[in-house]
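Listed below, chain by chain, are the residues.
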Amino acid sequence: MTTPLLSIRDLRVRIGDREVLQGINLDVPAGQVHAIMGPNGSGKSSLSHVLAGKPGYTVTGGSVLFKGQDLLALPAEERAREGMFLGFQYPVEIPGVNNAYLLRAALNAARRHRSEPEVDAFDFLALVKSRMQLMRMDESFLSRGVNEGFSGGEKKRNEILQMLVLEPSLAVLDETDSGLDIDALKVVAAGIQTLRAPDRAIVLVTHYQRLLDHVAPDQVHVLARGRIIKSGGPELALELERRGYDWLLDDAA
Amino acid sequence: MSTQDPSLDALLARGYQHGFVTDIESDTVAPGLDRDTVRFISAKKGEPQFLLDWRLQALDRWYEMKEPHWAKLQYKPIDYQDISYYSAPKAKTDGPKSLADVDPKLLATYEKLGVPLHERARLAGVAVDAVFDSVSVATTFKDRLSAAGVIFCPFSEAVHNHPELIERWLGTVVPYGDNYYAALNSAVFTDGSFVYIPKGVRCPMELSTYFRINAAKTGQFERTLIVADEGSHVSYLEGCTAPMRDENQLHAAVVELLALDDAQIKYSTVQNWYPGDENGVGGIYNFVTKRGECRGRNSRISWTQVETGSAITWKYPSCVLRGENSVGEFYSVAVTANYQQADTGTKMIHIGANTRSTIVSKGISAGHAQNTYRGQVSVMPGAHGARNFTQCDSLLLGGQCGAHTVPYIEVKNPQATVEHEASTSRISEEQLFYCLQRGLSQEDAINLIVGGFCKTVFRELPMEFAVEAQNLLAVSLEGAVG
């Protein structure tokens, strides 16, 4: 068996005095989609943030290997350049900075990291426009400020657009489906499906089955009280949809 | 008062009683300021009597005035008698002999700013015989301007070639008794720029101090006068993004703009004087009076400034909106880092009916810097239908800096509309992390966010200047957030 793209071993994390992750074990092989589900406050977002290197979390134990290297040893920007993408649950607004500018800077940062030439304005525009078509976004979007005045749905589409342009090897999407209407959900799901490839992995952090109807996961994990308490196939998500989390929490307690 | 003065000739013949280390042939006066100092400067420049009289009146007024201390600035007292008020341009043998002798830090900054190689030498004060390209560029430039009837020359040249224009307009916007520093400047100014745009002429190019050759050292008391006659347009660029070498600590410039009926003046400044080192040692004190008067109907004056330099900045480019329907604008980015202090803003004085003004101020503080926006909007009784919109935003980088907003609003006409919006924010961790997560370096992320914050001002700058300003911002904030 080959090394998984992402391998988390006994990961323990604190915010202040509170232990938010209490020994996470998770392997995500290349080519797979894993869903992480769980009740509010179970540590789902913490896990996403820690993987991306957000400040404010203290790792007290365990390890994370990404493409065989120690992910936790890298600063946030290097994780990104190595191909680790976080789709934010609440994408922040950056007034006055246009979307195209940030996206091109991001793409070129990754390309420089791989010792590839920077993409010129012409090729960049062609690339981003083709992805925007896929995401059914209007071209005026490129000159708007990053997430500035965007609706919740537009922000989420923007996250997926960025992902499609950057083509990361690991995408962790933190509740990308929340706040989307049915049509937007389909568009976002189609975008995620586009990224599926044998050399890439996707981790979907979600509350609901409905995204998984469109993006079928290979594995489903239930995160509760900072631990993965159950893992299974796609049928686990359906069962959770039917029965909720309580039966699992009772078992785990 | 001037009647008691001996004539210029007699004065010159008499020699100098106190203060001067050398005679009229010399190039520098000893420190100190009195009537003789003023006469010396005026004589050195071969000025007509009216100008000498004006200078002396200014000096008398200055003696009666007190240095203002209302600004939120702290600095050691300035000893005005310990400053030398005249120094002829330095000989070419002064200064570094070649770029190899120039402070490598300065060169590294030029590199980052993208200053062309041949320009680096000039800016660093390297003794060069000719200013390379600039000479030929400037010549073509002069031809085009004179064909259009535009006068653009050093102030001292204008005093000789167009004394009637100087006598008519000098001090009509900023009178010599306007304030302490303006009075000082009026008494001892050494040089600066003069611009006259004739009726109906749209100046064929942007006027930049950069091209004003033979004015490399205008000294610490610069005087600029721009007159836009009826229906004319001009855009003027002052300063340069590259740091200038300068040994003088105190700078007190005066800029007067005058727009007659239907005239438009756009005045853009990039100021990047030495701000002192990272411990707050050294640096320029910059006390500037800039004022524009929209004297004519439908006239328009627009100030755009990007201020990143100087240890102390005291500066309020203002508009007096006298003409009906006249428009005043002020767009400003003021960056303070390390121990810099800036107290800057604008005044919009609405006198005429239907006058309009817009103020957009962006203050950025980092390190231990203090950044104050001080603005005044006055609507006089006759200014029916006057409108003002003010937006001032402050951005803090780090926890030890300060941002302050001090708006004065005075409305004496019930039909006027005055709006004021203000915000203070820290550069947000969320924004930074978002950019890092997309692969940008910390430094690029900060520049991106700060650039976005300043965008509404930068887009008012002439195109090339805007790009330079963005780079300048990056250099100024280097290492601002650890």
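Since this is a predicted model, take the numbers as computed values, not measurements.

The rules behind each value
Position numbers for residues count from 1 along each chain, tracking the sequence in the order it is written. All chains are assigned letters beginning at A, and all ligands numbers beginning at 1, according to the order in which they are written. Side-chain atom pairs in this predicted model are given and counted only at pLDDT of 80 or more, local residue features only at pLDDT of at least 70, and totals for whole chains, interfaces and linings cover all residues. The side-chain quantities take in all heavy atoms of the structure and omit both hydrogens and water. Side-chain rings of Phe, Tyr and Trp (the six-membered ring for Trp) are treated as a pair once their centres are within 6.5 Å; stacked means planes under 30 degrees apart, edge-to-face means over 60, and tilted covers the remaining angles. Labels follow the DSSP assignment, with helices taken as runs of H or I lasting at least four residues and strands as runs of E lasting at least two, numbered in each case from the N terminus. Relative accessible area decides the class of each residue, using a 1.4 Å probe on protein chains only: under 20% of the type maximum gives buried, over 50% gives exposed, and in between gives partly exposed. Counted as over-ring charges are cases with an Arg CZ or a Lys NZ within 6 Å of the ring centre that also lie within 35 degrees of the ring normal. Note: two strands are recorded as paired if DSSP finds a minimum of 2 bridges between them. Fitted lines through C-alpha atoms serve as axes, helices being fitted only where they are in contact, and the angles separating the N-to-C directions of these axes extend from 0 to 180 degrees. A pair of sulfur atoms, both from cysteines and within 2.5 Å, is called a disulfide here. Contact definition: two residues touch when any of their heavy atoms are within 4.5 Å. As used here, buried area is the combined drop in accessible area, with a 1.4 Å probe, of two parts when they are placed together. For this document, the term salt bridge refers to a Lys or Arg side-chain nitrogen within 4 Å of an Asp or Glu carboxyl oxygen. Each polar contact in these results corresponds to two N or O atoms within 3.5 Å; when the atoms are within protein, one needs to be able to donate a hydrogen and the other to accept it, and residues that are neighboring in sequence are counted only if both atoms are side-chain atoms. Following the grouping adopted for this structure description, the nonpolar residues are Ala, Val, Leu, Ile, Met, Phe, Trp, Tyr, Cys and Pro, the charged ones are Asp, Glu, Lys and Arg, and the polar ones are all others, Gly among them.

### Observations concerning the packing of aromatic side chains
At step 1: The final tally for this structure, using the stated rule, is 22 aromatic pairs over all chains.
At step 2: Seen in terms of ring centroids, B:Trp62 and B:Tyr180 are 5.4 Å apart; in terms of plane orientation they differ by 40°. Their pairing is tilted. Residue B:Trp62 is found in helix α3 (residues 49-64), and its partner B:Tyr180 is found in helix α9 (residues 180-188); the two are separated by 118 residues along the sequence. Comparing B:Trp62 with B:Tyr180, the two get one shared label, buried.
At step 3: Of note, A:Arg243 hangs over the ring of A:Trp247, and the distance from its end group to the ring centre comes to 4.0 Å.
At step 4: It is B:Arg223 that lies over the ring of B:Phe189; its NZ or CZ is 5.8 Å from the centre.

### Describing the sheet that holds strand β4 (residues 58-66) of chain A
Note on sheets: strands pair through backbone hydrogen bonds, and any given pair is parallel or antiparallel.
Residues and elements named next belong to chain A.
At step 1: Taken in spatial order, the 4 strands line up as β2-β1-β4-β5 in an open sheet, and their pairing is antiparallel. Each edge of the open sheet is held by one strand with a lone partner, namely β2 (18-28) and β5 (69-70).
At step 2: In the sheet, β4 pairs with β5 via 2 bridges, with the strands oriented antiparallel. Note on β5: the bridge partner recorded for Phe-66 is Gln-69.

### Digging into the pairing of strand β12 (residues 318-321) of chain B
All names here are of chain B.
At step 1: On β12, burial covers both faces: Ser-318 and Val-320 on one face and Cys-319 and Leu-321 on the other are all buried.
At step 2: Strand direction decides the pairing type here: strand β9 (residues 285-294) and β12, joined by 4 bridges, are parallel. Among the inter-strand pairings, Gly-292 is bridged to a residue of β12, identified as Cys-319.
At step 3: Alignment of β12 against strand β14 (residues 341-350), held across 4 bridges, turns out to be parallel. Along β14, the bridge assignment pairs Val-320 with Ile-349.

### Thoughts on the sheet that holds strand β11 (residues 219-224) of chain A
Residue and element names in this part refer to chain A.
At step 1: Ordered by their spatial adjacency, 6 strands build an open sheet running β6-β9-β10-β3-β11-β12, and the pairing between neighbours is mixed. Edge positions in the sheet fall to β6 (84-87) and β12 (227-232), since each of these pairs with one other strand and no more. On average, each strand axis in the sheet is tilted by 20° relative to the strand beside it, whichever way the strands run.
At step 2: Bridge count for strand β3 (residues 33-37) against β11 is 4 bridges, and the pairing is parallel. Bridging across to β11, Ile-36 finds its partner in His-221.

### Remarks on the state of the cysteines
All names here are of chain B.
At step 1: Scanning all chains against the criterion turns up 0 disulfides over all chains.
At step 2: The cysteine Cys-294 is free of any disulfide, with Cys-319 supplying the nearest cysteine sulfur at 5.7 Å.
At step 3: Cys-435 takes part in no disulfide bond, and the closest cysteine sulfur, belonging to Cys-454, lies 15 Å away.

### Side note on the interface of chain B and chain A
At step 1: Contact with chain B, which involves 18 residues of that partner, is made by 30 residues of chain A.
At step 2: Taken together, both faces of the contact between chain B and chain A bury some 2,000 Å²; the carbon and sulfur share is 65%.
At step 3: Among the residues of chain B in contact with chain A, B:Phe433, B:Tyr434 and B:Arg438 are the three that bury the most area, contributing 38% of the side total.
At step 4: Residue B:Glu430 pairs with A:Lys54 through a salt bridge whose shortest N-O separation is 3.2 Å.
At step 5: In this structure, the connection of chain B to chain A is made through 12 residue pairs in polar contact (both at pLDDT 80 or more).
At step 6: Secondary structure elements with two or more residues in the side of chain B that touches chain A: α10 (429-437) and α11 (442-453) of chain B.
At step 7: Looking at the side of chain B that touches chain A, the element that brings in the most residues is α10(B), giving 8 residues.
At step 8: Among the residues forming the side of chain B that touches chain A, the class breakdown is 8 nonpolar, 6 polar and 4 charged.

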